[in-house]
Amino acid sequence: MARREPTPLPCCITPGIFEAGCDEAGRGCLAGPVVAAAVILPDGFTHPWLIDSKKLSEQRREQMREVVLANAVACAVGICSPAEIDEINILNASILAMHRALDGLTVRPGAIAVDGNRFKAYGNIPHTTVVKGDARYAHIAAASILAKTTRDRIMTELDSEFPVYGWAVNKGYPTAAHRAAIAEAGPCGHHRRSFRLF
């Protein structure tokens with residue numbers, strides 16, 4: 001039986017003003033950076049698989065990453081390192097990564113829509129926080145896909161240097177196998193020392 005395509009999400013909250021959607025990936029991980037993305041989509045742009053990245057297979061996420069990169073008016077990624085996360089905490093690091101993503105946009109947004117319920121003002125640009133925004137608006141979903149695929153690529157690359165932790169599979173999330181590997185081998189420089197590691 002063929003899988004039904006999801007209903008396309010609305011492009012943004014307020015059309016006509018280059019509204020940037022923002023989301024992050026890796027907030028709950030034990031290792032690696034937190035990665036955020038900011039995406040401005042063309043007015044009215046929709047795609048049935050432009051949905052919350054967590055609801056997509058890895059293959060579909062990679063396909064949708066290319067759709068986002070090919071169609072966005074502007075998009076950019078921002079990163080906060082494990083050391084920065086330990087210094088300023090994961091919430092502040094997530095917001096800082098979003099600000100860095102916004103810094104990277106080649107088009108200045110007229111408004112910002114952020115997944116979740118916490119954000120800090122970015123200059124004088126008005127912002128709206130949207131709980132489960134990646135399931136409600138296409139530009140936030142696009143940001144979630146770009147952030148997730150970028151972070152997964154980083155963790156897969158780090159896995160080649162630190163194969164003991166299984167990052168190519170667990171991507172730094174707190175799986176039982178990841179915690180067991182940390183307990184046996186000890187943490188490395190990419191682990192977040194302010195988190196409970198094992």
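Above this text you will find the structure in question.
Worth saying up front: this structure is predicted, and the values here are computed from it rather than measured.

**What to know about the nonpolar core**
The tendency in soluble globular proteins is for nonpolar side chains to be buried side by side.
At step 1: Counting 35 residues, the largest nonpolar core has C22, V34, L102, L105, I112, F119 and W167 as the members making the most contacts within it.
At step 2: Breaking this core down by element, the ones donating at least two residues are β1 (19-25), β2 (34-40), β3 (74-80), α3 (90-103), β4 (111-115), α4 (138-159) and α6 (176-185).
At step 3: By residue number, the principal contributor to this core is α3, which donates eight residues.

**Observations regarding helix α1 (residues 58-71)**
At step 1: End to end, α1 covers 20 Å across 14 residues, agreeing with the expected 20 Å (1.5 Å per residue, within 8%).
At step 2: Packed against the buried residues of α1 are β2 and α4.

**As for the pattern of salt bridges**
As a working rule, side chains carrying opposite charge can pair if their charged atoms are close by.
At step 1: For the structure shown, the criterion picks out six salt bridges.
At step 2: With its nearest N and O atoms 2.6 Å apart, the salt bridge here joins E62 to R153. Here E62, found in helix α1, pairs with R153, found in helix α4; they are 91 residues apart in sequence, far enough to count as distant.
At step 3: A relative accessible area of 25% places E62 in the partly exposed class.

Criteria and thresholds
Residues numbered from 1 in each chain as written. Predicted model: local features only at pLDDT ≥ 70, side-chain atom pairs only at ≥ 80, totals over all residues. Heavy atoms only, no water. Core = buried A, V, L, I, M, F, W, Y, C linked by side-chain atoms within 4.5 Å. Buried < 20%, exposed > 50% of the residue type's maximum accessible area, 1.4 Å probe, protein only. Helix = DSSP H or I, 4+ residues; strand = E, 2+ residues; numbered from the N terminus. Expected span 1.5 Å × (residues − 1). Contact = heavy atoms within 4.5 Å. Salt bridge = Lys/Arg side-chain N within 4 Å of Asp/Glu carboxyl O.

The values are spatial; any link to function lies outside them.
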